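# Results of the structural survey
Spelled out from the first residue to the last, the chains are:
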Amino acid sequence: MTLSGSLFMMLVSSLILAQSTSQNPETGRTDGTLFPVYDLVKELGAMREKQGAMETRLKESESQIVELKSKETTSVAFAATSGGGREGAAIGPFGTDRTLVFRRVLSNLGNGYNSETGVFTAPVAGTYYFFMSHHAGGQHIVSLTLIRNSDAIVQTYDHASTADTADNGSNAAVLQLQQGDLVYVRLDANTHVWGNDLVTTFSGFLL
Amino acid sequence: MTLSGSLFMMLVSSLILAQSTSQNPETGRTDGTLFPVYDLVKELGAMREKQGAMETRLKESESQIVELKSKETTSVAFAATSGGGREGAAIGPFGTDRTLVFRRVLSNLGNGYNSETGVFTAPVAGTYYFFMSHHAGGQHIVSLTLIRNSDAIVQTYDHASTADTADNGSNAAVLQLQQGDLVYVRLDANTHVWGNDLVTTFSGFLL
Amino acid sequence: MTLSGSLFMMLVSSLILAQSTSQNPETGRTDGTLFPVYDLVKELGAMREKQGAMETRLKESESQIVELKSKETTSVAFAATSGGGREGAAIGPFGTDRTLVFRRVLSNLGNGYNSETGVFTAPVAGTYYFFMSHHAGGQHIVSLTLIRNSDAIVQTYDHASTADTADNGSNAAVLQLQQGDLVYVRLDANTHVWGNDLVTTFSGFLL
């Protein structure tokens, strides 16, 4: 018993000494304590609590980064010209309104523009910029109207003119679109434009 | 005492055995140690230090995410037409320069554009794109000047013409603005444009 | 020995009592345990493991934030006019195609546009928007072609006209560029535009 008693003494003393020489980072005390394990448990609990709180914040940060990246990578942008070759030909006049189809695609990120129909369909909700430009001879009126769904937004217009054999016109708009909204250029009834690879164009992009 | 001595022996032995069978994740050692509590305190200190460092980094990440989101959500974009109904009427000529007021607002994110005054006031510093377009009859000169504060930036201009009864013109610019900078379209003295809902327009957005 | 035995008793009892009154956050048990240090070590190991995992996630978040910020700060945007003073003069016609140099720089973020050569060189790969606009007298044909490397993209064009003394034209395009791609406005052979500080312009920006 004396031997084991002395061994106990050594062991317990070593425990207490260990405590004495370690500094509690929270209290800063370096003196020995009678409740080293209790203190450790308290500390561990505090750290576990903070770890849980930090993990919640980290999760929140991660989900916001995902959201930011998804916005960052949502690229919607297109440009197209009527096509018609180098020289081209007049498009119209027709007796009724027609969607002007821009067949020569310069770019179409996000695949919103359909070069078969001439219609841009918003792949995502957001604020978009659209631009259209025409070149046309003077024999007929020119009237291109930018349409959102069925609403007239902006227009390029020119009178017929026997004196001036050709003219140009452009217009643009910023529109807030819902996903699926349709935007296109309408060639108004009884009007015409010149269609070749370069002059009459339609473009747009998500801001 | 023998009994309690034996009990002590059991207890302290159990402590030491516990240590012996647990592996220190840092050192990987599985051998018993005479300073288990000291090791725990050391480990706890190291973890607390790392936890503090991680919390600092997490805070920094959070504040950078807030900054990124604020940039992401700073949407400034507007478009407006002169208005004037479907048919419309000439605006001008006037004897002095006038700010051209675009009364039919197509969009106005960030509320930078004032449809009463025709003036866009930059809500935040940044790089902006502006576009303007006119349609006008040939009876008078056309001169629209895009103004930043009091500086002429770009212009659409047309001579009077008895031969050509109408014409179009557009221009655009990229400008770096300070918060509060003013941008507007000036209808220059003794010139006119056609004002209806669709043809004469002003738009802009923060890049 | 009796005294020290009692002291041991007190110490060890205090350890056990400490455990008894502290709640294990994981198991929720408040009863005394014979393996308090073992439990602590287990807990510490679990926390360390989670800390390591969280640090990995934090590092990942930090690197994604850096990436987002770098994209956020890649601003490329420019605008320039031909220059030529307030009144200006015709530019062209010349017997061969010429790059039209826009000497009055309105803005040039990212330094992509060179006002000596008239050429924009994409500083980074990406999707860009370009706009050009001309004003010109009627004595000669007008033909400005937006060129990417050597490809014709869009054009503004006008016939010569003795009746109409001046006209305007604009066009625009969205283009996906590789770093180093060249974009410029070509004044086509035997055509002219009017060059002053405000009317004939070229601008572009990275979307």
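These lines cover the structure that appears in this document, whether it is placed above or below. (Residues numbered from 1 in each chain as written. Chains lettered and ligands numbered in written order. Predicted model: local features only at pLDDT ≥ 70, side-chain atom pairs only at ≥ 80, totals over all residues. Heavy atoms only, no water.)

## Here we look at the overall build of chain A
- Scanning chain A for helices and strands turns up 2 helices and 12 strands.
- Starting at the N terminus and ending at the C terminus, chain A contains elements arranged as α-α-β-β-β-β-β-β-β-β-β-β-β-β.
- Out of the 207 residues in chain A, the part that is buried amounts to 52%.
- Summarising the internal contacts of chain A: among those between residues at least 6 apart in sequence, 70% fall at separations of at least 24.
- Of the roughly 8,700 Å² of accessible surface on chain A, a fraction of 53% belongs to carbon and sulfur atoms. (Helix = DSSP H or I, 4+ residues; strand = E, 2+ residues; numbered from the N terminus. Buried < 20%, exposed > 50% of the residue type's maximum accessible area, 1.4 Å probe, protein only. Contact = heavy atoms within 4.5 Å. Areas by Shrake-Rupley, 256 points an atom, 1.4 Å probe, with all protein chains shown as cover.)

## Focus: the sheet that holds strand S9 (residues 166-177) of chain C
Residue and element names in this part refer to chain C.
- In space, the 5 strands of this open sheet follow the order S4-S1-S12-S6-S9, with antiparallel pairing throughout. The open sheet terminates on both sides in strands that have one partner only, identified here as strand S4 (104-109) and S9. When the angles between neighbouring strand axes are averaged without regard to direction, this sheet yields 5°.
- Two elements, strand S6 (residues 126-137) and S9, share 12 bridges in a ladder whose sense is antiparallel. Among the inter-strand pairings, Phe 130 is bridged to a residue of S9, identified as Ala 173. (Pairing = 2+ DSSP bridges. Axes fitted to C-alpha atoms, helices over the stretch in contact; angles between N-to-C directions.)

## As for the pairing of strand S8 (residues 151-158) of chain B
- Here strand S7 (residues 142-148) of chain B runs beside S8(B); their pairing, made up of 7 bridges, is antiparallel. Paired with Thr145(B) across the two strands is Gln155(B), which belongs to S8(B).

## A few points about the pattern of salt bridges
- Per the counting criterion, the structure on display carries 21 salt bridges over all chains.
- In this structure, Glu62(C) engages Arg57(B) in a salt bridge whose closest nitrogen and oxygen atoms are separated by 2.9 Å. Placement of the pair is Glu62(C) in helix H2 (residues 36-73) and Arg57(B) in helix H2 (residues 36-73), with the two residues belonging to separate chains.
- A single network of salt bridges, built from pairs that share partners, joins Lys50(A), Arg57(A), Glu55(B) and Glu62(B). (Salt bridge = Lys/Arg side-chain N within 4 Å of Asp/Glu carboxyl O.)

## Let's talk about the environment of Ser61(A)
- Mapped onto the fold, Ser61(A) is located in helix H2 (residues 36-73).
- On the accessibility criterion, Ser61(A) (2% relative accessible area) is buried.
- Separated by 102 residues in sequence, Ser61(A) and Ala163(A) place their C-alpha atoms 66 Å apart.
- Look past the residues within four positions of Ser61(A) in its chain and what remains in contact with it is Leu58(B), Glu62(B) and Ile65(B).

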